[in-house]
Each structure stands twice: as C-alpha cells, then as structure tokens.
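# Coordinate analysis (summary)
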Amino acid sequence: MPEAFLRLVEVTKRFGQRIAVDNVSLDVAEGETVALLGASGCGKTTTLRLIAGLENPDDGEIWIAGECVAANGRNLVPPSARGIGFVFQDLALWPHLTVAGNLEFVLSSTGVPKRERAERVNETLSLMRIDRFAHSYPNELSGGEQQRAAIARAVVGRPCLLLLDEPMSSLDSELKVELMAELKNLQMALEAPIIYITHDRAEAQAMACSVALMRNGRITQIVTPHELR
C-alpha cells in the first residue's frame, strides 16, 4: 500500500451547534483519485475547504506531503502555501479577467516569473482544449467552456493536489461524458492526487480509484468503484 500523500486524522468541524464534519479520517495516495459521494449537506464541501485551508478544523490533524498543515484547532500552513488547485462548485471565475487573465493571475500571485507565464497559460489552455477562448471573458463562454476554464485555472500552477467540488453539476449528459474523458486525460498528465466531490454514483464509478461514502458528516464506508451499488 503506497504511503498517503494526503491524510486526515479524526478531523471535526463545527458551525455553532451543528457538526458539519464528524471525526473524519481519510488517506489519499500519490496519483490516486478519491470520490466523496453523498447527498447535499453531508459534509463533502466542508471537508474540501478544510483540506484547502479555507476552514479551520476544530479537532484532528491534516497532513499533506508529510507536513502537518492543520492541528490543535488551527491552520499551521496557509492556503496559498499548500500547493492545492481548487475547482469550486460555482466555478468562481473572476468575471473582469479574460480566461487567460484568470490563469495569469494565479501564476503572478504565486511568484512565477513573467517570462514563463505566457507559456504556462498557453500550455494549460491547450491541454483543456480552450486555447481559442484565451481572450474571452467568462460570461462569453458556455457552461462547458466555463467548466474547462475553471479546471485550467486550478491546474495552471501545477498543484500537488487537486480538489474538485461537483465539477459537472451544471452540465447535461453529453457534456458530462466529454468532460469526464478530459478529466481522465488530466489525471494522467498531472499525476497528482485528486479528491472529487459528487452526489452521482455513475460519476464516482467512472472517475475514482476509491469512493468514500459520506453521511451526516461522517465517512461511513470506503469502497472500490466495482463495489459501489
């Protein structure tokens, strides 16, 4: 069994009296894709936000690449230093920037030299097959194109871990099939572990190496895609 690249150890998050994430433990190996599968409100998105450092855990520890990034009720490593790419459910593309501008901003904020940025942006847009939309604004794109742009922005910084929150929730069946194929190619190109949130069992089966079933803030079972019923 390969050593875990990402490790959650008995992680709990409360919002007032409500327990959103309840004593969750999870290991994700290098290059592995794990789907978090469950109904809305079961704690999937909060789990991703804890991993990304956008929320502080109340209890437990989070480890990334052998470093403890959160423990004792506080974040020890800020989000910007965790090497994470995050695709939010609402995509959160910056509307005042072009597609290329969204990617370029990520690179500039992480200190990539200016001479390297254009090449990295073009390479990533080409990988996601949206290079022809480099100078378009998000509101000029279709739903599928916006989805690809959001994924491109998440991976342009060459993250060591990719978090995808319901990346296909707004797409029709035909576009889902197409984007799933693109994500499979991306998996092979990145070789980075991926955590993929979905409420769709077919998506989880198609995309993941293992599936963590979530309910009421807890991981109730971890199964292979073939074991998923």
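Residues numbered from 1 in each chain as written. Predicted model: local features only at pLDDT ≥ 70, side-chain atom pairs only at ≥ 80, totals over all residues. Heavy atoms only, no water.

Now for the environment of lysine 114. Mapped onto the elements of the fold, lysine 114 is located in helix H3 (residues 114-127). It is 9.1 Å that separates the C-alpha atoms of lysine 114 and glutamate 104, two residues lying 10 residues apart in sequence. (Helix = DSSP H or I, 4+ residues; strand = E, 2+ residues; numbered from the N terminus.)

Along the chain, the position of valine 28 falls in strand E2 (residues 18-29). Here valine 28 falls in the buried class, since its relative accessible area comes to 0%. Along the chain, valine 28 and valine 156 lie 128 residues apart, while their C-alpha atoms are 22 Å from each other. Excluding anything up to four places from it in sequence, valine 28 contacts Ala4, Phe5, Leu6, Val34, Pro193 and Ile195. (Buried < 20%, exposed > 50% of the residue type's maximum accessible area, 1.4 Å probe, protein only. Contact = heavy atoms within 4.5 Å.)

With that out of the way, let us pick up the packing of aromatic side chains. Taken as a whole and judged by the stated rule, the model has two aromatic pairs. Ring geometry for tryptophan 94 versus phenylalanine 105: centroids 4.9 Å apart, planes at 70°, classification edge-to-face. Of this pair, tryptophan 94 sits in the loop between strand E7 (84-87) and helix H2 (99-109) while phenylalanine 105 is found in helix H2, placing the two residues 11 residues apart along the sequence. For tryptophan 94, a relative accessible area of 29% translates into the label partly exposed. Phenylalanine 105 sits in the partly exposed class, given a relative accessible area of 42%. It is arginine 153 that lies over the ring of tryptophan 94; its NZ or CZ is 4.5 Å from the centre. (Phe/Tyr/Trp six-rings, centres within 6.5 Å; stacked < 30°, edge-to-face > 60°. Lys NZ or Arg CZ within 6 Å of the ring centre and 35° of its normal.)

This next bit is on the sheet that holds strand E3 (residues 33-37). Picture the strands of a sheet paired through backbone hydrogen bonds; they go either parallel or antiparallel. Across the sheet, which stays open at both edges, the six strands sit in the order E7-E8-E9-E3-E10-E11 with mixed pairing between neighbours. Two strands in the sheet have a free side with no partner beyond their single neighbour: E7 and strand E11 (218-223). The sheet shows a mean angle of 20° between the axes of neighbouring strands, taken without regard to direction. Where strand E8 (residues 161-165) meets strand E9 (residues 194-198), four bridges bridge the pair, whose relative direction is parallel. Within E9, the position partnered with aspartate 165 by the bridge is isoleucine 197. Where helix H1 (residues 44-52) meets the sheet, its contacts fall on E3, E7, E8, E9 and strand E10 (210-215), and the angle it forms with E8 comes to roughly 155°. The strands touched by helix H5 (residues 173-190) are E3, E8 and E9; relative to E8, the strand with the most contacts, the crossing angle is about 160°. (Pairing = 2+ DSSP bridges. Axes fitted to C-alpha atoms, helices over the stretch in contact; angles between N-to-C directions.)

Its location among the elements puts glutamate 166 in the loop between E8 and H5. Lacking a salt bridge, the buried glutamate 166 has lysine 44 as its closest oppositely charged neighbour, with an N-O distance of 4.3 Å. Side-chain polar atoms of glutamate 166 contact the side chain of histidine 199, separated by 3.0 Å. Leaving out residues up to four positions away in the same chain, glutamate 166 has contacts with Lys44, Gln89, Gln147, Ile197, Thr198 and His199. (Lys, Arg positive; Asp, Glu negative; His and termini not counted. Salt bridge = Lys/Arg side-chain N within 4 Å of Asp/Glu carboxyl O. Polar contact = N/O pair within 3.5 Å; in protein donor to acceptor, adjacent residues only side chain to side chain.)

Below, the discussion takes up H3. For H3, which comprises 14 residues, the first-to-last C-alpha distance of 21 Å matches the rise-based estimate of 20 Å (1.5 Å per residue) to within 8%. Among the structural elements, H2 and helix H4 (143-155) are those in contact with the buried residues of H3. Just downstream of H3 lies arginine 129, where phi reads positive at about 60°. (Expected span 1.5 Å × (residues − 1).)

One finds Leu125, Ile130, Ile151 and Leu183 to be the most contacted residues of the largest nonpolar core, which totals 34 residues. Breaking this core down by element, the ones donating at least two residues are H2, H3, H4, E8, H5 and E9. Among the elements that line this core, the one with the most residues is H4, at six residues. (Core = buried A, V, L, I, M, F, W, Y, C linked by side-chain atoms within 4.5 Å.)

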